[in-house]
Amino acid sequence: MKKIFILVISLMSFVITQAQQTGIVQPGNLKTLKKTDNGVAIEADHAKVRLIVYDQTIVRVRIVQQEFREDFSYAVIRTPGAGFREIRESRDNWLLTTDSLKIEIGKTPFTIKFLDLKNQPLCEDYPDFPVSWQGTQVTAYKKLFPDEKFIGLGEKTGPLNRRGNAYVNWNTDIPAYSYREDPLYLTIPFYIGIHDKVNYGIFFDNSFRSRFNFGASTDDLFSFFSAADGEMNYYFFGAKTIPGIIRDYTWLTGRMKLPPYWSLGFQQSRWSYYPDSEVLNLARTFREKKLPCDMIYLDIHYMDNYKIFTWNKERFPDPKSMIGKLKDMGFHLATIIDPGIKVEKGYSSYEDGIKNDCFVKYPGGKLYVGSVWPGRCHFPDFTKPETREWWGKSLAALSEPGVDGFWNDMNEPSAWGQSIPDIVQFDFDGHPSTIAEAHNVYGLNMARSTFEGTKKLLNGKRPFVLTRAAYSGIQRYSAVWTGDNQATEDDLLMAVRMVNSMGVSGISFTGPDMGGFMGNPTNELFVRWMSVGVFTPFFRNHAAIDTRRKEPWSFGEDVENLSRQWLNKRYRLLPYIYSAFYESAQNGMPVARTLAIDYTQDEKIYWYAFQNEYLFGKEILVAPCSSDKAYCNVYFPEGEWYRISNDQLYKGKTESVVESPLNDLPVFAKSGSIIPLQSVIQNTSESPSPFLELNVYNGKDANSFTYYEDDGITYDYENGKYLRRVITFDPAAKKITIGKAEGSFISKFTSFRLILHDFGDIMGVRLNDQEQTLKLKTTRQRFFEATLTNDVIEIKY
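Once a new chain begins, its residue numbering starts again from 1 and follows that chain's sequence as written. Where local features are concerned, this predicted model is filtered to residues with pLDDT of at least 70; where side-chain atom pairs are given and counted, the filter is 80 or more; whole-chain, interface and lining totals use all residues. For the side-chain quantities, the full set of heavy atoms in the structure was used; hydrogens and water were omitted.

Engineer: Is there a simple way to think about the packing of helix α10 (residues 523-534) against helix α11 (residues 557-572) in this case?
Structural biologist: Each pair of packed helices can be described by the angle between their axes along with the distance between the axes. The contact between α10 and α11 brings their axes to 9 Å, and the two run at 5°. The angle between α10 and α11 falls in the class roughly parallel. Along its contact with α10, which presents Asn 523, Phe 526, Val 527, Met 530, Ser 531, Gly 533 and Val 534, the element α11 presents Val 559, Leu 562, Ser 563, Trp 566, Leu 567, Lys 569 and Arg 570. Each residue receives one of three labels: charged for Asp, Glu, Lys and Arg, nonpolar for Ala, Val, Leu, Ile, Met, Phe, Trp, Tyr, Cys and Pro, and polar for the others, Gly being one of them. Across the contact of α10 with α11, the residue classes tally to 8 nonpolar, 4 polar and 2 charged. Here the axes come from fitting lines to C-alpha atoms, over the contacting stretch only for helices, and the angles between their N-to-C directions go from 0 to 180 degrees. Numbering of helices and strands runs from the N terminus; a helix is a DSSP stretch of H or I covering at least four residues, while a strand is a stretch of E covering at least two. By the definition adopted for this analysis, an angle is roughly parallel if under 35 degrees, roughly antiparallel if over 145, roughly perpendicular if from 65 to 115, and oblique otherwise. In this description, contact between two residues means that some pair of their heavy atoms is separated by no more than 4.5 Å.

Next up, the structure:
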């Protein structure tokens, strides 16, 4: 026995020696484990480890070779919780327990294994090499389960299921990206693993260049994630469901505040609209043609030689007057803002930035210079609090004339050549670092500076902030668009998956450039983009400078009429959409939801043919398809589904080939759904008709919908000035209930029209015990109208 023991030790020493000879260091064996206030501290042969409990389903893991860095994160806004409920040692491992999780800590070698309370493995280290260092690069390896799938990572191309793919996180300006292009503009190092009817999440909070490999070229042995430097620092999420994991992730990294209501309307952009007469004519044309729209964008040509915080005095001699005229027509104006500050004596932003020490530097203090649109530029250090304050105040040059939309671009950061030297230094909020660590959080902090500054400048009104580059936590400050896409069929469907992936990753307010930024769509493709845009959280048409005009009327009368139809649908849906945004602000659930969230264990939703389908809100199933298909194959997950355009009913867990003409994108309501609609308006400053239309689709299962309203402009809702009421459908009791109104906001609707879909023969309907006269809308729809009071309203059928 003694000889065997000596042999095992000798073999382990040989393996360790081999690893050391190749420059690879692993933690080795566990030496000590001690309880701390919030978790445990572990010493291994070649590593120090901390496990920290943030909540019963959230445990943080920190692993270093030497000493831990000072704890700091731009993404995480929460602090640790109460620690483990139980800590128990056995011969081979330690067992740590919370109310929801078990964690086995292996001793020889040191490993981590996460289990649920039924001892079902959720995620575990690959035993041969759980963690390794090669120089400064640190990597964690996880066992790959045979049926394991992966979703998330934010803005990534490729399939819904990331299995078999590898990705890099390094925010990059990459115009006209393709189906497999990587990396892109965002770094969201958060993913969800799904296997054996369980799931888990991991957020790798390290902003150095990172890599994620989900079994690509690893012979299906393991997955791994790594960073070029810094700590192995990740958060494990063990909630039982994917909605639970998303709630926990957005609890940790923050949730969006409600955006301005008008930003949910249609937005028109181009590189570039100028002079002011063209902008005003654009606005008038939308109104004359009765094409609903709420926002117009100005790209870089509104500035004086592309210098930020300036106006071109020839093209826009009186921006305040122009913006006033736009507001009179119900339009808001957004302007692009780039981070580069032109090196030019006498230019106030340059002079102020120098005076206030706002720009990034080389070691020794020389200011970094990179070239972008204005020419030679300095770049603000947005990781410095004083710079964020300076930037926020500087935005008065735009807000004072009336701009209330702020479009952050080129903030990867992008400089011509795309190769800023690694030695450029950043403050990192008092934790000095270089661009190697600051690069991926640069866009996040620019958006933060813009949001915090404009929130102050707008005196209680909500700004609209949009960004191209970001890091985890961006949802607290900004909407995100998916960058410089192309006008192709593939881009249309890829954009759907990217939006859904960002939704899984905490970012609800997102969308692509409808119509494709680069290239020229066919008439049919443009219409299909517009139809998909109706069911996309961020709905903007944008086009590059060297492309054809892409306003809806630019494609001819047929396209204009079809675009009007789809825009009308968007504005009819706004009560439903705003309620979905409210839900997202409350619990992090995305507005556009991959079917993997609600139908996680249904294998078919991951199939190539069906991976683009998604829920818009929790009631509407969207089956996007390319514009050249008159029919498409739709998979219906569990439940029953009504085609919204004609009430045709489809059984769940079946496939069906359905028509997909340009005027009727395949869109379905789940049985039991409650969908509020309003009348068509031309912009959100208009009042709809006083009737709130409540569409209820018959079904076997009970359902509830939380309807929400506020003024859509201010933050008064945070002080109780809102209206919220729960609407329920109870088929067992044959009852629909509109719950009592909560909050002090007075609804814009004074009456409601209840439309009952496929309720068959109804002998009668009683409203608060009063008989109602039913009217026939179509052969499958009946409706009645009544006053909408703040009290409970009960409808029996």
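Next, the rest of the story.
Engineer: Looking at this structure, how should I read the nonpolar core?
Structural biologist: In summary, soluble globular proteins display a tendency toward joint burial of nonpolar side chains. Core analysis: the biggest nonpolar cluster contains 205 residues, and Phe 203, Tyr 302, Trp 391, Phe 535 and Phe 752 have the highest contact counts within it. If we ignore the near neighbours within four places in the chain, the residues touching Tyr 302 are Ile 308, Thr 310, Trp 311, Asn 312, Phe 316, Thr 335, Ile 336, Ile 337 and Leu 398. Counting 45 residues, the second largest nonpolar core, distinct from the first, contains Leu 33, Leu 122, Ile 202 and Phe 225. Buried Ala, Val, Leu, Ile, Met, Phe, Trp, Tyr and Cys residues that are joined via side-chain atoms within 4.5 Å together make up what is termed a nonpolar core. A simple rule labels every residue: compare its accessible area, found with a 1.4 Å probe on the protein chains alone, to the largest value its type can have, and call it buried under 20%, exposed over 50%, or partly exposed in between.

Engineer: Could you clarify how one ought to interpret unusual backbone geometry in this entry?
Structural biologist: In most cases, non-glycine residues show a negative phi, while peptide bonds are predominantly trans. Cis peptide bonds are those with omega within 30 degrees of zero, and the linkage from Trp 271 to Ser 272 qualifies with 5°. The omega torsion of the bond from Tyr 274 to Pro 275 falls at 0°, within 30 degrees of zero and hence cis. Within the element layout of this structure, Pro 275 appears in the loop between β21 (267-268) and α3 (276-288). Located in the positive-phi region is Lys 734, a residue other than glycine, with phi close to 50°. Assessed through its relative accessible area of 46%, Lys 734 is described here as partly exposed.

Engineer: Teacher, can you tell me more about empty space enclosed by the protein here?
Structural biologist: Think of a ball as big as a water molecule: rolled over the atoms, this probe shows where empty space is left. Cavities and pockets are defined on a 1 Å grid built over the protein atoms alone: a cavity is a set of grid points where a 1.4 Å probe fits but cannot escape, while a pocket is an open set with protein on both sides within 12 Å along at least five of seven lines, and lining residues are those with an atom within 4 Å of any such point. Grid points are joined across faces, edges and corners, and a volume is the space filled by probe spheres set on the points. By the definition in use, this model includes 6 cavities of 30 Å³ or more. Its boundaries defined by the atoms lining it, the largest cavity holds a volume of some 190 Å³. Taken together, 18 residues make up the lining of the largest cavity; nearest its centre are Lys 257, Pro 259, Tyr 477, Ser 478 and Ala 479. Split into classes, the residues belonging to the lining of the largest cavity amount to 13 nonpolar, 3 polar and 2 charged.

Engineer: When you look at the pattern of salt bridges in this model, what are you seeing that I'm missing?
Structural biologist: Oppositely charged side chains are able to pair whenever their charged atoms sit close together. The term salt bridge refers to a side-chain nitrogen of Lys or Arg lying within 4 Å of a carboxyl oxygen of Asp or Glu. This model, assessed by the stated rule, comprises 48 salt bridges. Note that Arg 69 is salt-bridged to Glu 437, the shortest N-O span being 3.0 Å. Taken together, the residues Arg 69 in the loop between β5 (58-64) and β6 (86-89) and Glu 437 in helix α8 (residues 435-457) connect sequence positions 368 residues apart. With relative accessibility at 40%, the residue Arg 69 sits in the partly exposed group. Residue Asp 429 pairs with Arg 388 through a salt bridge whose shortest N-O separation is 2.9 Å. Here Asp 429, found in the loop between β28 (425-426) and β29 (433-434), pairs with Arg 388, found in helix α6 (residues 385-394); they are 41 residues apart in sequence, far enough to count as distant.

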